[in-house]
Amino acid sequence: MEAHMNLLHDVGIQTTHWLQQRFQGSQDWFLFISYAADLRNAFFVLFPIWFHFSEAVGIRLIWVAVIGDWLNLVFKWILFGERPYWWVLDTDYYGNSSAPEIQQFPLTCETGPGSPSGHAMGAAGVYYVMVTALLSAAGGEKQSRTLGYWVLWTVLWIGFWAVQVCVCMSRVFIAAHFPHQVIAGVFSGMAVAKTFQHVRCIYHASFHRYLVITIFLFSFTLGFYLLLWTFGVDLLWTLEKAQKWCSNPEWVHIDTTPFASLLRNLGILFGLGLALNSHLYQESSRITQGQQLPFFRLGCIAASLLILHVFDAFKPPSHVQLLFYALSFCKSAAVPLAAVGLIPYCLAQLLATQHKKAA
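It should be emphasised that the depicted structure is a prediction, and the values quoted were computed from it without experimental measurement. The numbering scheme is per chain: residues are counted from 1 as the chain's sequence reads. Only residues with pLDDT of at least 70 are given local features in this predicted model, and only at 80 or more are side-chain atom pairs given and counted; all residues enter the totals for whole chains, interfaces and linings. Note that the side-chain values use all heavy atoms of the structure and ignore hydrogens as well as water.

**Things to note about the overall build of the chain**
- When helices and strands are counted, the chain shows 14 helices and zero strands.
- Reading the helices (α) and strands (β) of the chain from amino to carboxyl end gives α-α-α-α-α-α-α-α-α-α-α-α-α-α.
- Once the C-alpha set of the chain is aligned to its principal axes, its extents read approximately 85 × 55 × 35 Å.
- Residue exposure (1.4 Å probe, protein chains only): buried if accessible area is under 20% of the type maximum, exposed if over 50%, otherwise partly exposed. Relative to its full complement of 359 residues, the chain shows a buried share of 50%.
- In the form shown here, the chain has an accessible surface area of approximately 18000 Å², with 66% of it arising from carbon and sulfur atoms. A run of H or I in DSSP becomes a helix once it reaches four residues, and a run of E becomes a strand once it reaches two; helices and strands are each numbered from the N terminus. In these tables, accessible area is a Shrake-Rupley quantity obtained with a 1.4 Å probe, and a residue counts as shielded only by the protein chains included in the view.

So, in structure tokens, the structure goes:
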């Protein structure tokens with residue numbers, strides 16, 4: 001088994017080496033793709049846009065991203081995937097022969113296990129939600145679909161796969177993942193998104209249900225970690241690898257550790273449940289109910305993007321891990337609270353005041 005994995009890893013290292021040589025002048029592009037594919041952008045950019053155009057799509061996008069990333073964490077702890085940037089320096093596979101030279105970048109030194117790729121899984125899940133939402137809006141009945149619909153279908157799916165190829169190439173180029181890890185990530189993400197097309201209970205879930213699911217996901221993860229730790233399995237073995245083999249210690253960030261991503265995602269889910277069941281959201285929905293208000297929606301999107309950009313600029317102090325995790329959870333919870341509750345409420349109150357004056 002180890003011999004087969006070493007061969008698979010060697011093929012991945014050769015692929016990374018070829019990409020770095022072939023596209024040497026494109027490193028800024030690949031770094032941008034890796035940055036753009038981070039789930040943080042799904043929460044801070046894509047979610048407020050989609051939620052204010054279609055609440056159901058926005059809610060589904062959050063659930064797919066959060067549950068997909070949670071499953072990604074569990075898979076990583078089960079599969080113990082290596083990462084190229086440390087494997088090539090740590091392995092004795094090459095013996096006396098020289099190993100291919102692999103360049104590292106500021107986004108290379110992630111600290112969790114490598115399989116499957118979280119960036120590829122997240123991008124596939126999120127973009128699958130968006131593509132299917134657009135096609136559903138344009139589709140109508142299957143029998144009455146026009147040539148224009150099928151042209152749109154072709155364009156969107158070509159765009160979807162172009163994005164996935166770019167994300168996969170980016171992750172392999174910067175030596176954060178092996179090719180088989182990004183391929184597994186893409187199909188896992190699509191499977192999660194496809195599953196949530198048939199889950200209807202998320203659209204009218206109470207805050208109690210959100211709270212129970214948040215606690216369950218955290219408890220299961222912590223329990224799984226402690227269980228394996230009891231049997232002598234160190235699930236944080238990758239942090240030592242990252243610190244040892246990363247060429248620049250400043251590139252090893254605590255926000256890429258498994259528990260950091262877990263608490264960020266659970267904060268988003270908890271905040272969404274709190275926002276959707278809050279007085280602020282219910283009042284803004286009451287004021288705007290039954291009205292076509294495109295400028296109101298655009299105003300909510302613009303204000304959300306601006307305020308969430310300010311939120312994103314806040315970086316919790318990382319010198320104390322527990323404080324970092326707690327603040328990361330609170331920061332994430334504030335994202336849907338602002339985009340779903342506070343901002344629409346304030347704009348709806350302003351709209352109601354204007355209507356009263358006009359009357």
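Picking up where we left off.
**Comments concerning the environment of His52**
- Checked against the element boundaries, His52 lands in helix α3 (residues 39-53).
- A relative accessible area of 6% places His52 in the buried class.
- Along the sequence, His52 and Pro344 sit 292 residues apart, while their C-alpha atoms lie 9.1 Å from each other.
- Should any heavy atoms of two residues lie within 4.5 Å, those residues are considered in contact. Ignoring anything within four residues of it in the chain, the contact list for His52 reads Arg297, Cys300, Ile301, Ser304, Ala339 and Pro344.
- A distance of 2.9 Å separates a polar atom in the side chain of His52 from the backbone oxygen of Ala339. Under this definition, polar contacts are N or O atom pairs within 3.5 Å; protein pairs additionally need one hydrogen-donor-capable and one acceptor-capable atom, and for neighbouring residues in sequence, both atoms have to be side-chain atoms.

**Thoughts on the pattern of salt bridges**
- For salt bridges, the criterion is a side-chain nitrogen of Lys or Arg within 4 Å of an Asp or Glu carboxyl oxygen. Tallied over the entire structure, the rule returns 10 salt bridges.
- The partner of Arg286 in a salt bridge is Glu283, with the nearest N and O atoms 2.5 Å apart. Linking Arg286 with Glu283, this pair stays in helix α12 (residues 279-288), spanning three residues, or about one helical turn.
- Of the residues examined, Glu283 reaches a relative accessible area of 17% and is grouped as buried.
- Residues joined by salt bridges that share partners form a network here, namely Asp38, Arg40, Asp69, Asp255, Arg264, Asp312 and Lys331.

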